[in-house]
Amino acid sequence: MKIAVLGGAGFIGSAFVRELNKRGIKPVVVDLLTYAGRVENLKGTDHEFIKADVRDQSIYEVLKEVDVVVNFAAETHVDRSIYKPQDFVTTNVLGVINVLEASRLFGFKYVHISTDEVYGEECADENSPLNPSSPYSAAKASADLFVKAYVRTYNVKAIIVRPSNNYGPRQFPEKFIPKAIIRTLLGLHVPVYGDGKQERDWIFVEDTARIIADLLERAEWKGEVYNIPGKQRVTNLDLLKLLGEVMGKEIKIKFVSDRPGHDRRYCMNTSLSYETTPLKEGLRRTYEWYVSNEWWWRPLIDDKFFKEDEPWK
Ligand SMILES: NC(=O)c1ccc[n+]([C@@H]2O[C@H](COP(=O)([O-])OP(=O)(O)OC[C@H]3O[C@@H](n4cnc5c(N)ncnc54)[C@H](O)[C@@H]3O)[C@@H](O)[C@H]2O)c1
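A brief report on the enclosed structure follows. (Residues numbered from 1 in each chain as written. Predicted model: local features only at pLDDT ≥ 70, side-chain atom pairs only at ≥ 80, totals over all residues. Heavy atoms only, no water.)

**Regarding empty space enclosed by the protein**
Scanning all chains against the criterion turns up one cavity of 30 Å³ or more. For the largest cavity, the calculated volume is near 60 Å³. Lining the largest cavity, in full, are Val78, Glu117, Ser133, Ser134, Ser137, Arg200, Arg259, Pro260, Gly261, His262, Asp263 and Tyr266. For the lining of the largest cavity, the residue count by class is three nonpolar, five polar and four charged. Viewed by domain, the lining of the largest cavity spans two of them, domain 1 (3-165 + 204-228) and domain 2 (174-201 + 232-265 + 277-307), each represented by three or more residues. (1 Å grid on protein atoms, 1.4 Å probe; cavity = no way out; pocket = protein on both sides within 12 Å on 5 of 7 lines; lining within 4 Å. Points joined across faces, edges and corners; volume = space filled by probe spheres on them. Nonpolar A, V, L, I, M, F, W, Y, C, P; charged D, E, K, R; others polar. Domains from an automatic or database assignment.)

**Focus on the sheet that holds strand 6 (residues 158-163)**
What the seven strands build is an open sheet, ordered 3-2-1-4-5-6-10; its pairing is parallel. In the strand order of this sheet, the two ends are held by strand 3 (48-51) and strand 10 (222-228), each with one partner. Between one strand axis and the next, the sheet turns by 20° as a mean value, whatever way the strands run. Where strand 1 (residues 3-6) and strand 4 (residues 68-71) come together, four bridges link them in parallel fashion. Paired with Ile3 across the strands is Val68, a residue of strand 4. Seen against the sheet, helix 5 (residues 135-154) touches strand 5 (109-113), strand 6 and strand 10 and runs at an angle of roughly 155° to strand 6. (Pairing = 2+ DSSP bridges. Helix = DSSP H or I, 4+ residues; strand = E, 2+ residues; numbered from the N terminus. Axes fitted to C-alpha atoms, helices over the stretch in contact; angles between N-to-C directions. Contact = heavy atoms within 4.5 Å.)

**Section: helix 1 (residues 11-22)**
Given a rise of 1.5 Å per residue, twelve residues ought to cover 16 Å, and the 17 Å separating the end C-alpha atoms of helix 1 matches this to within 8%. With nine of twelve residues buried, helix 1 lies mostly within the body of the structure. Buried within helix 1 we find Phe11, Ile12, Gly13, Ser14, Ala15, Phe16, Val17, Glu19 and Leu20. Turning to helix 1, the residues buried within the fold contact strand 1, strand 2 (28-31), strand 4, strand 7 (165-167) and helix 7 (205-218). In the stretch just after helix 1, Gly24 is the one whose phi turns positive, near 80°. (Expected span 1.5 Å × (residues − 1). Buried < 20%, exposed > 50% of the residue type's maximum accessible area, 1.4 Å probe, protein only.)

The structure is reproduced here in structure tokens:
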């Protein structure tokens, strides 16, 4: 089976490449290497690398040769989507349509990576309606609808996968958990949006990668949706409390104004059965990775979305 991993130099995509390698598969990685994509994330993996934009038809040269395409390529940070929504439409919607067109032409199976955020705040199963709140989740939800439309209209073989909040090694420091770890290591406060009682359902990135790889064997490719919740929902404040215990350090919290449109909760059920890494264990592994890999994060910490308390402004 020849597999292309789009966005494979990002956080979850590079974990997925590692998972494929464990299963004896050498994928081709297609990635534009935006601010979030880094070849360092693929260090030690076996892959072929092509630098290209999912919005561009040049990717068809690669896609015409493969059996399966797994698409992690996206703009992914909600705060950035509030600050400047346009890139979220071009990459997360038009980029997906470009890949769907290729699937229509060449017939590969398409794994569309979506998110729990498309459901909004209500607890959702795989058939629940979409109710996105941010420009990020609105773009993701739009792309999901195009996947369904391509299945119905053109018989494209596809599935939609909706993981909950991922955490683990190699996550860009603008995101909540690496930001909290790195800022605490540097002796800085951690900004908490609003009252900090928003609930998120955390899943360790290696679990997500394994569950998606398992899906390649069992999917029906009829446009069906697979939710991947972490089954460990906690408030942001409780998450920081647990992280402080794991780090053996006091986390200095600073309450700042709430992110506009901030969902109070994400909450999914799933039709799949699988085990997940306990949150405390996953946080310990994540913390140890950031402590041992300062070379990886040190050059990234000047970024506005790491430094400012309310970076969407
Ligand atoms: N991280 C999470 O908690 C989470 C949760 C649910 C779903 N998701 C989804 O999973 C996917 C991967 O998320 P992530 O956290 O690994 O993101 P990330 O930001 O770490 O990585 C995204 C990757 O996509 C690449 N990319 C961006 N625009 C591109 C373009 N136009 N052409 C080619 N490559 C491009 C980037 O260079 C980067 O390597 C996304 O679709 C995201 O919406 C993420």
